[in-house]
Structure formats: C-alpha cells, structure tokens
Amino acid sequence: MSKSENLSDTAKEQENLDSATARHILQQTAEDIPPAHPALFARIEESIKEPTPVGNAHQPPSVSPVQALLNMIRNSFRRPQLAWGIVAVQAIVLCLFIASAPIKNTYHTLSANRTDIGAQAGPIFYVIFHENARLREIEQLLARTNGAIINGPGKRGIYTIRFHPTPSATVKKLLTTLKNSSLITFIERAY
Amino acid sequence: MNRPATLDPFLSLLEQTAGGDRDAFAILYQETSQRIKVYLHRLVGDQNCIDDILVETYTQVWKNSAAFKGKSKVLTWMIGIARNLALKEIGKKRYHEDIADHPEIEAAEIDLETGDRKEVFSRALNLLSPKHREILDLAFYQDLAYREIAHILDIPESTVKTRVFYAKAALKTALERMGINSDDL
C-alpha cells in the first residue's frame, strides 16, 4: 500500500467515530437490556433432560470408519490447498495412465502386404469382403487359396488380390471356391 | 487444547459440563447468558424471539460441549451457536438492511443533558443494519479480538476491520441524523 493511501485511510479513520465513543455507546445501551428471566433457565433444563454429554470436552464424539472417511473428505474441501493437491495428484495419475496404456485399435484394415506367399504371378481379382468377415477368417481363406492382397481397400472397400493357382486348383475352380465363400460378397476377375 | 485454561475463563466450566455436571452448566449460563442476550438483542431485536434462541443456544451448548475442540474461546464458540440460530430467525434480507433503508428517520431535537442519552444511543443503534450492530457489539461490547470475530462471522480479519470501519461510520451518520454531533459525546 502506498504512503498516500495510508494517509488517506488514516484521515478517513480520524473523521470516523472513535473506538472509545463506540465502546461507550455499546456499553451504555447494553445496561438497559434486562437480564434473562429466571424461568428461562427452567426451560433450558427442561430441554436437556436427556442423557448428559459424554467424554472429554476435547475429544470429538466417536464415529464409524465410514463416517470418519466422509468427514475427512468434507474437511479436505474446507482446505483449498489439500483439495487442489488431490486434484493435481489425480491429474498426474490420469496422464501416466494414458501415457502408459498400450495403443490398441478396435479394428484392422487389411493391407496389401499382409500375406506374403510369393505370389508374383497369377490371376488378379477384385474382391469385396462381407462386412462381418473377420480378419482371421479372411487370412485363412487367402492362405488356402494362395492369394495375396496387392492393393486396397479402395473407397468402396474393394481389394485387389492376386492368386497363384496350383496344378490341382485351376482359375475356374478357384473362382467357384471364392464365390461360394460366405466371406466374399463380390468377386470379379481383373484383366 | 490450544491455550492454557487461565486465558479462557469458561473453559473449565465447559469441560465440567461435558462431563455431565449440571451445576457447572448452570454457572456457565449465569456468567455468559447476559452477554449472549445482549448480542442477540443487537442482532435480532425481538424479545420473545431472543428468549427462544437463548434456550436453543444453551441446549446446544449442553449437547455439544463434549465436541468442543478448543479452536476458539468458549464464549466465541457459544456466540457462534447463537448467531447461527439467530440468522435462521431473521433471514438474510434483514441482516443486510442498511441505514439508507430508513429514510423516514428525521433529525430529532434531543437534549443530551436531560438524561436520555441511552435512549438516543439505542435509537441510533436501531437505525443500523443487524450486520453493523453485530460487528459493533462483538468489537466494542464483547471486546473480542478481530481474529475471534473473523472466526464467528467466517470472514477474513481484513473484512472484519473494514466492516467495523463502516459500522462506526453508519453509527456516526445515525447520530448526526438525530441531530447529535459525535464530537460532543
């Protein structure tokens, strides 16, 4: 506070009623207030007929553990530093939890080089898999048919898959197998 | 306990009360009831209401004496109980009424030499808000330290100091409205 403000406060205080006068007025007026009627204490005695208070005056009444915990939480809110401390600890724990949590996607997108079977030559098909087809099932189908995803998925979910037919499985048979698969909703040979 | 018993004249009585000593409680009542009554008179005003609050205050003192933690003086603690009960009675609006809410009070020709000083002072005090009468009572009649007053009112000490200043100013204004210059007192 500046010196001028101090002076201003002092000046205001000097203009105000002085404390001695205030004390005099308060004490004079208190003298005119009659004491409580004796019957009043009888009323009080009537209202305290119940069992007397227990324990040492300095000991708070015993409470259950749950009540004690609730009291502790309530008291913590009355002490801002403690409450903010708890908030800070919670924030740190949350950050650590997020930082250490493994990154796990809820879904996978098949990618072009997921299955490498060395299928460098062979017929190519455009395929749309059923929306409920599982990754494992698709991978098993591709392994069974010697197929490999070489492109996709496109905007409409179309994959480009190259197959490497074996002598026992011609392209025609392969196409029949794939068309009959419940995992595939669309298949067409690409030329 | 935070302080030696010698500094708090009512501590021993309260401890005995906590132990169920009704005689000690009666003495505690005798020694404190007038001060609490004066405080309530300034805060509430209505005599019937004051009696009811006094009964309830001492009932609570009896019931909660064992829970007294010694964070304040016994009288401060008791005034705090009385205050909570009184505020329920008078309501927030009346508590904050100000001298400006009584424009109908005009200057009165009063002769301080005729012996009606107390009447004048009472009327001047009645012009103040309960809030201002309360702080003046706590500071200048109960003679409590600002720290104790802050504890009762649950406000910072700096606010107590400011409120005392404005309460004194309001009392001065009230006296002047009644045609009395406080310098003449």
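The structure we're discussing is the one just above.
Throughout, a residue's number is its position along its own chain's written sequence, starting from 1. Written order determines the labels here, with chains lettered from A and ligands numbered from 1. Residues qualify for local features only when their pLDDT is at least 70, as the model is predicted, and side-chain atom pairs are given and counted only at 80 or more; totals for whole chains, interfaces and linings, by contrast, use all residues. Note that water and hydrogens are dropped before the side-chain values are worked out from all heavy atoms of the structure.

A. Representation of the overall build of chain B. When its secondary structure is counted, chain B shows 8 helices and 0 strands. Burial classes: relative accessible area under 20% of the type maximum marks a residue as buried, over 50% as exposed, and values in between as partly exposed (1.4 Å probe, protein chains only). Within the span of chain B, comprising 185 residues, buried residues form 54% of the whole. Contacts in chain B between residues at least 24 apart in sequence constitute 70% of all its contacts with a sequence separation of at least 6. Accessible areas in this description were obtained via Shrake-Rupley with a 1.4 Å probe; residue shielding takes into account the shown protein chains only. Of the roughly 8,500 Å² that chain B leaves accessible, carbon and sulfur atoms contribute 46%. Helix and strand definitions here come from DSSP, where helices need a minimum of 4 consecutive H or I residues and strands a minimum of 2 consecutive E residues; each element is numbered from the N-terminal end. Two residues qualify as a contact provided that any one of their heavy atoms is within 4.5 Å of a heavy atom in the partner residue.

B. Local environment of the pairing of strand S2 (residues 147-151) of chain A. Residues and elements named next belong to chain A. Two strands make a pair as long as DSSP finds a minimum of two bridges between them. As defined by bridge partners, S2 adjoins strand S3 (residues 158-163) across 4 bridges and the pair is classed as antiparallel. Directly across from Asn151, in S3, lies its bridge partner Thr160. Hairpin connection between S2 and S3: a loop of 6 residues separates the two successive antiparallel strands, and Gly152 in this loop has a positive phi of roughly 115°.

C. Geometry of the interface of chain A and chain B. On the chain B side, the residues contacting the 43 residues of chain A number 48 residues. Summed over both sides, the interface between chain A and chain B buries roughly 4,000 Å², with carbon and sulfur atoms accounting for 63% of that surface. Note that Glu31 of chain A and Lys118 of chain B form a salt bridge whose closest N and O atoms lie 3.0 Å from each other. N or O atoms closer than or at 3.5 Å make up a polar contact, with two conditions inside protein: a donor-capable atom paired with an acceptor-capable one, and, for residues adjacent in sequence, both atoms drawn from side chains. At the boundary of chain A and chain B, one finds 11 residue pairs in polar contact (both at pLDDT 80 or more). The set of elements that each furnish at least two residues to the side of chain A that touches chain B consists of helix H1 (3-15), helix H2 (19-31) and helix H3 (38-47) of chain A. Looking at which element gives the most residues to the side of chain A that touches chain B, the answer is H2 of chain A, with 12 residues. Amino acids outside the nonpolar list (Ala, Val, Leu, Ile, Met, Phe, Trp, Tyr, Cys, Pro) and the charged list (Asp, Glu, Lys, Arg) are all regarded as polar, and Gly is one of them. In terms of residue class, the side of chain A that touches chain B is made up of 19 nonpolar, 14 polar and 10 charged. Two parts placed together each lose some accessible area under a 1.4 Å probe, and adding up what both lose gives the buried area. In the sections that follow, a salt bridge refers to a side-chain nitrogen of Lys or Arg positioned within 4 Å of a carboxyl oxygen of Asp or Glu.

D. Local environment of the side chain of Ser65 of chain B. All names here are of chain B. Relative to the assigned elements, Ser65 resides in the loop between helix H3 (47-64) and helix H4 (74-95). A relative accessible area of 0% places Ser65 in the buried class. A distance of 3.1 Å separates a polar atom in the side chain of Ser65 from the backbone oxygen of Trp62.

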